[in-house]
Amino acid sequence: MNDVRPLTARAEGPLAGTAPIPGDKSVSHRALIFGAMAVGETVITGLLEGEDVLDTAKAMRALGAEVTRDADGTWHVFGVGTGGFSEPETVIDCGNSGTGCRLIMGAVATHGFATTFTGDASLRSRPMGRILDPLAAFGTRAAGRSGGRLPLTLIGTGDPVPVEYTLPVASAQVKSAVLLAGLAAPGQTVVVEPEATRDHTERMLRGFGAAVEVAEAQDGRVITLTGQPELTPCRVAVPRDPSSAAFPVVAALLVPGSEVTVPGVSRNPTRDGLYTTLVEMGADITFENEREEGGEPVADLRVRGSSLRGVEVPPERAASMIDEYPILSVVASFAEGRTVMRGVGELRVKESDRIAAMEAGLNANGVTTSSTEDSFTVEGRGGDGVEGGAMVATHLDHRIAMSFLVMSLATRNPVTIDDARPVATSFPNFEPLMTTLGADFRGGTP
Ligand code: S3P
């Protein structure tokens, strides 16, 4: 990485215009991985070209797939077939991406060779035990640093057994890793998820021709995959990312008089919790032209500057907005009254401890908060406004970085983030796109 890049953002007046958001990160990782496991050519349009996804593309090449990009941004993946990966010659570096790393671990776990994984300082601090436990049931072994952290070598099994696994945490990454491992195992692999998490893996596996049954049972959703399918290549049109859309949407809500349209955003119900919450807070958002694109429901969002009130966000909503709590806590800072977010303990093991990072940044900028291990409360400043003026540590976390840049558009004094580089992991054109809406970015002093 280049040198750290402090940054601040301001808005001189209302934001206006159209914000075409890049492709969905979760769908982009999966399109590359499933494409690499199909027989023949998968064509992907709208792929997110953020660092996280580019690292996954490199990993697919290292495992034997051919991955190419046309000048117009169309990607081609020539897959090697289920069970067809070959041993990589060197370490797989997943950069900042927990999703890329955990999904690829699942994909190689049922291949009879060893793969060594590493990542940046953020990824090297994140727990991998949650993946290694279910993968061990297939017959996979692993040796890593203490706490199952990277660098870590996974010794895959060439003779896997199918697995039945109940998720102990609501995690689409864990669910997906087990299903990906199940692809090369004989028989039926079953995952039970007590709480619904994002379902892109199930949707896309079906699109690639795998038999995936989903049943609602008393103890949750039961997902059954029939192993060793021949995956047939697809055309994948990646929808725009609702987690990235959250930043211009919230910017438009917070800067008075704004009106911004965000076209073609995924409205997959397993990703929609932020938008439900914003509407409950009084946000003026309309969902126009609801339609289906690339197997996902999408809509154009029209957002206007709004006065907001604090709400209680229930724990059962957490999985459907898990990446949006940092930006929601910014919204909550400007709202009238208190916002309480419950059931959010998973935020502590994301790219950073997001509860700790948001509390520190909000407190430094004049917002009172409190937290427990799995809840987070923000005392909204409402009509009093938010002071701002402080420097915020972003801990290599893209969503912390973008949340405080958006906050800075509406505070009395500019907020400076210590390092804008992580933004490129998920939203490489964040600054130019926000600039077209009327935001003004300036390099800060380290
Ligand atoms: C993701 C799942 C979520 C989310 C991450 C993307 C995915 O993580 O935070 O950004 O694509 O499956 P968990 O599954 O760990 O909650």
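What comes next concerns the included structure. On a predicted model such as this, the values are computed, not experimentally measured, just so you know.

### Re the overall build of the protein
- Tallying secondary structure elements over the protein gives 13 helices and 24 strands in all.
- For 446 residues, the compact-globule estimate of 2.2 N^0.38 gives 22 Å, and the C-alpha radius of gyration of the protein, at 21 Å, lies within 12% of that figure.
- In terms of overall dimensions, the protein has C-alpha extents of about 65 × 50 × 45 Å along its principal axes.
- The buried share among the 446 residues of the protein stands at 60%.
- Across the protein, every contact between residues at least 6 apart in sequence was considered, and the portion connecting residues at least 24 apart equals 77%.
- When the accessible area of the protein is evaluated, it comes to approximately 15700 Å², of which 48% is carbon and sulfur surface.

### Regarding the pairing of strand β15 (residues 259-266)
- The buried fraction of β15 amounts to seven of the eight residues, a majority that puts the element mostly inside the structure.
- Bridging between strand β2 (residues 16-18) and β15 involves three bridges; their strand directions are parallel. Across the sheet, residue G17 finds its bridge partner in β15, namely V260.
- By the bridge criterion, six bridges tie β15 to strand β17 (residues 296-304) in an arrangement that is antiparallel. Paired with S266 across the two strands is V298, which belongs to β17.

### Topic: the site of the ligand
- Around the ligand, the structure places K25, S26, R30, T99, A170, S171, A172, Q173, R198, I322, D323 and K350.
- With respect to the ligand, the side chain of K350 contributes an N or O atom lying 2.7 Å from an oxygen atom.
- Look at the ligand: alone it shows 380 Å² of surface, and the protein chains cover 96% of it.
- Judged by the fraction of its atoms near the pocket grid, the ligand is located in the largest pocket.
- Within the residue set of the shell around the ligand, elements represented by two or more residues are α1 (25-37) and α6 (172-183).
- It is α1 that provides the largest number of residues to the shell around the ligand, a total of three residues.
- Counted by class, the shell around the ligand contains three nonpolar, four polar and five charged residues.

### Topic: the packing of α1 against α6
- Where α1 contacts α6, the two axes come as close as 12 Å, and the packing angle between them is 5°. Comparing the axis directions of α1 and α6 gives the class roughly parallel. Contacts between α1 and α6 involve R30, I33, F34 and M37 from the first element and A172, S176, L180 and L183 from the second.
- Per-class residue counts for the contact of α1 with α6 are six nonpolar, one polar and one charged.

### As for the sheet that holds strand β12 (residues 212-217)
- Read across the sheet, four strands follow the order β10-β11-β13-β12 without closing on themselves; strand pairing throughout is mixed. Lying at the two open borders of the sheet, with one neighbouring strand each, are β10 (164-166) and β12. With strand direction ignored, the average angle separating the axes of adjacent strands in the sheet is 15°.
- Helix α7 (residues 200-207) contacts β11 (188-193), β12 and β13 (220-226) of the sheet and is inclined by roughly 145° relative to β12.

### Quick notes on the sheet that holds strand β8 (residues 141-145)
- The strand order across the open sheet built from four strands is β6-β7-β9-β8, with neighbouring strands paired in mixed fashion. Here the strands that pair on one side only, and so sit at the sheet edges, are β6 (92-93) and β8.
- With four bridges joining them, strand β7 (residues 114-118) and strand β9 (residues 149-155) adopt antiparallel strand pairing. Along β9, the bridge assignment pairs A114 with I155.

The rules behind the values
- Residues numbered from 1 in each chain as written.
- Predicted model: local features only at pLDDT ≥ 70, side-chain atom pairs only at ≥ 80, totals over all residues.
- Heavy atoms only, no water.
- Helix = DSSP H or I, 4+ residues; strand = E, 2+ residues; numbered from the N terminus.
- Rg over C-alpha atoms; globule rule 2.2 N^0.38 Å.
- Buried < 20%, exposed > 50% of the residue type's maximum accessible area, 1.4 Å probe, protein only.
- Contact = heavy atoms within 4.5 Å.
- Areas by Shrake-Rupley, 256 points an atom, 1.4 Å probe, with all protein chains shown as cover.
- Pairing = 2+ DSSP bridges.
- Near = heavy atom within 4 Å.
- Polar contact = N/O pair within 3.5 Å; in protein donor to acceptor, adjacent residues only side chain to side chain.
- 1 Å grid on protein atoms, 1.4 Å probe; cavity = no way out; pocket = protein on both sides within 12 Å on 5 of 7 lines; lining within 4 Å.
- Sits in = over half its atoms within 2 Å of the grid points.
- Nonpolar A, V, L, I, M, F, W, Y, C, P; charged D, E, K, R; others polar.
- Axes fitted to C-alpha atoms, helices over the stretch in contact; angles between N-to-C directions.
- Parallel < 35°, antiparallel > 145°, perpendicular 65-115°, else oblique.

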